[in-house]
Amino acid sequence: MEEERLMQGQVEIFRQLFAFADSMALKCAVELGIADIIHRNGRPMTLHQIAAELPATSPDIGCLFRIMRLLVRKHVFVQHDPPTGDGINHQPEFGLTPASRWLVKDGELSLAPMVLMQNHPSALAPWHCFSKCVQQGGIAFEKAHGVDIWGYGAVNPEFNQLFNSAMACTNKIIMKAVIAKYEHGFNRLSSLVDVGGGTGAAIAEIVKACPYLKGINLDLPHVVATAPEYQGITHVGGDMFVEIPKADAVFMKWVLHDWSDELCIKILKQCKKAIPQDDGKVIIVDAVLQSNVTEDAWEDTKMAFDVTMIAHTSGGKERTEVEWKKLLKDGGFNRCNIIALPTVSSLIEAFPN
């Protein structure tokens, strides 16, 4: 019995230490556009058919097979084995699964840009600094690159474009879930300010679904300077730590998880000043960690997001329900509702009274 338990422990450690292979194979598939090729042809394809559409004169079919074999095992693609017994040497065909449909780059909803950004060498380098963060404190991204992620993006256009594309693709996915689940929550509002809203894509989706809303998009001046015009949206350059434009409610998506508790409280206090005290509210979209082990299909991803905050932010973190309630109370919001969404994030309504 003890030997069996030790062997299972060995299996688990090997599985964990080679977990990076899944991400690297996934990145390879996105870079080669394999899901796009199969999707464009509208049917499962053999390796030679896929290879014929790659931007390469002499692709290595053996290498491609081994990568696809791993991704089939991980249910990213499906393999259709050929018939036997007819004397013809048929080749297996590879098709899309519900997972690989999220890798189609020109799909309405795609995670391909997120795969490329999270697996870029610049994004991976801070992960190698975790032990230093434990021993010394400090910010992993700064230890790896000498500046925080925002400063790095400012002087590295390629990474900045990857980062912006990753945020844009996840924004579409999250906002579709928000509007599907919470459209009624905007009904009694006439104005809404998106704090840290980037170039305004999220607030634009809300106003498109709720055209009676006056939308305000707040971000740093150099960010909103590049924002496109959206009907019903006013872009405001500013600093959420200093002042937030007044509105019936504040919306923040993937903002508070970037910051420490101390800085989140400062943001929340500015939010409270910006909304009516009798019926105003703050609408937060962020992950809510479960305090105990659950069967939540998203829980492993939420935990991974939390350690990603160590790698990529300056003190940010994901929070449990208890931590959210304490943070909101310390920021001046005594009551809140947590609404599950069909995605990795939840929606939190917070009220000052």
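Remember, predicted model here, so these are calculated numbers, not experimental data. (Residues numbered from 1 in each chain as written. Predicted model: local features only at pLDDT ≥ 70, side-chain atom pairs only at ≥ 80, totals over all residues. Heavy atoms only, no water.)

Student: Help me out: how do you make sense of helix α16 (residues 321-330) in this one?
Tutor: Since the α-helix packs 3.6 residues into each turn, any two residues three or four apart lie on the same face. Trp324, Leu327 and Leu328 are the residues of α16 that are buried. The buried residues of α16 occupy an angular sector of 95° when the element is viewed end-on, so they sit on one face. Exposed residues pointing more than 90 degrees away from the buried face of α16 are listed as Val322, Lys326 and Lys329. Directly after α16, the chain includes Gly332, whose backbone phi takes a positive value near 100°. (Buried < 20%, exposed > 50% of the residue type's maximum accessible area, 1.4 Å probe, protein only. Helix = DSSP H or I, 4+ residues; strand = E, 2+ residues; numbered from the N terminus. Arc of directions from axis to C-beta.)

Student: Just checking my understanding: could you explain the packing of aromatic side chains for this structure?
Tutor: Each aromatic ring pair is characterised by the separation of its centres together with the angle its planes make. Per the counting criterion, the structure on display carries 10 aromatic pairs. With centroids separated by 6.0 Å and ring planes inclined at 35°, the aromatic side chains of Phe18 and Phe20 adopt a geometry described as tilted. Relative to Phe159, the ring of Tyr152 lies with its centre 5.4 Å away and its plane at 75°, an arrangement referred to as edge-to-face. One exposure class covers both Tyr152 and Phe159, and it is buried. Members of the aromatic cluster, each reached through a chain of ring pairs, are Phe14, Phe18 and Phe20. One residue, Lys253, lies across the ring of Trp254, its end atom 5.4 Å from the ring centre. Over the aromatic face of Trp324 sits the side chain of Arg319, whose NZ or CZ is 5.5 Å from the ring centroid. (Phe/Tyr/Trp six-rings, centres within 6.5 Å; stacked < 30°, edge-to-face > 60°. Lys NZ or Arg CZ within 6 Å of the ring centre and 35° of its normal.)

Student: Would you take a moment to explain the nonpolar core for this structure?
Tutor: Buried together is how nonpolar side chains tend to be arranged in soluble globular proteins. Counting 28 residues, the largest nonpolar core has Ile244, Val250, Met252 and Val282 as its most contacted members. Of all the secondary-structure elements, those providing two or more residues to this core are β4 (191-195), β5 (214-219), β7 (249-253), α14 (261-274), β8 (281-286), α16 and β12 (346-351). In this structure, Ala29, Val30, Ala51 and Val72 belong to the second largest nonpolar core, which totals 26 residues. (Core = buried A, V, L, I, M, F, W, Y, C linked by side-chain atoms within 4.5 Å.)

Student: How should I be thinking about the sheet that holds strand β2 (residues 77-80) in this particular structure?
Tutor: Sheets are built from strands that pair by backbone hydrogen bonding, the pairs being arranged parallel or antiparallel. Across the sheet, three strands lie side by side as β1-β3-β2; this open sheet has antiparallel pairing. With partners counted over all chains shown, the strands left at the sheet margins are β1 (45-46) and β2, one partner each. Strand direction decides the pairing type here: β2 and strand β3 (residues 93-96), joined by four bridges, are antiparallel. For Val78, the partnering residue across the bridge sits in β3 and is Gly95. Packed onto the sheet, helix α3 (residues 34-41) meets β1, β2 and β3 and runs at close to 90° relative to β3. (Pairing = 2+ DSSP bridges. Contact = heavy atoms within 4.5 Å. Axes fitted to C-alpha atoms, helices over the stretch in contact; angles between N-to-C directions.)

Student: For this particular structure, what's the right way to read the pairing of β4?
Tutor: Remember that side chains alternate between the two faces of the sheet whenever the strand is regular. Across the five residues of β4, five count as buried, placing the element largely inside the fold. Taking every second residue as pointing to the same face, both faces of β4 are buried, with Ser191, Val193 and Val195 on one and Leu192 and Asp194 on the other. Taken together, the five bridges between β4 and β5 define a ladder with parallel strand orientation. Pairing of Leu192 across the sheet is with Gly215, part of β5. Taking the sense of rotation as the criterion, the β-α-β connection linking β4, helix α12 (residues 201-209) and β5 turns out right-handed. With three bridges joining them, β4 and β7 adopt parallel strand pairing. (Right-handed = clockwise from strand over helix to strand, strands pointing away.)

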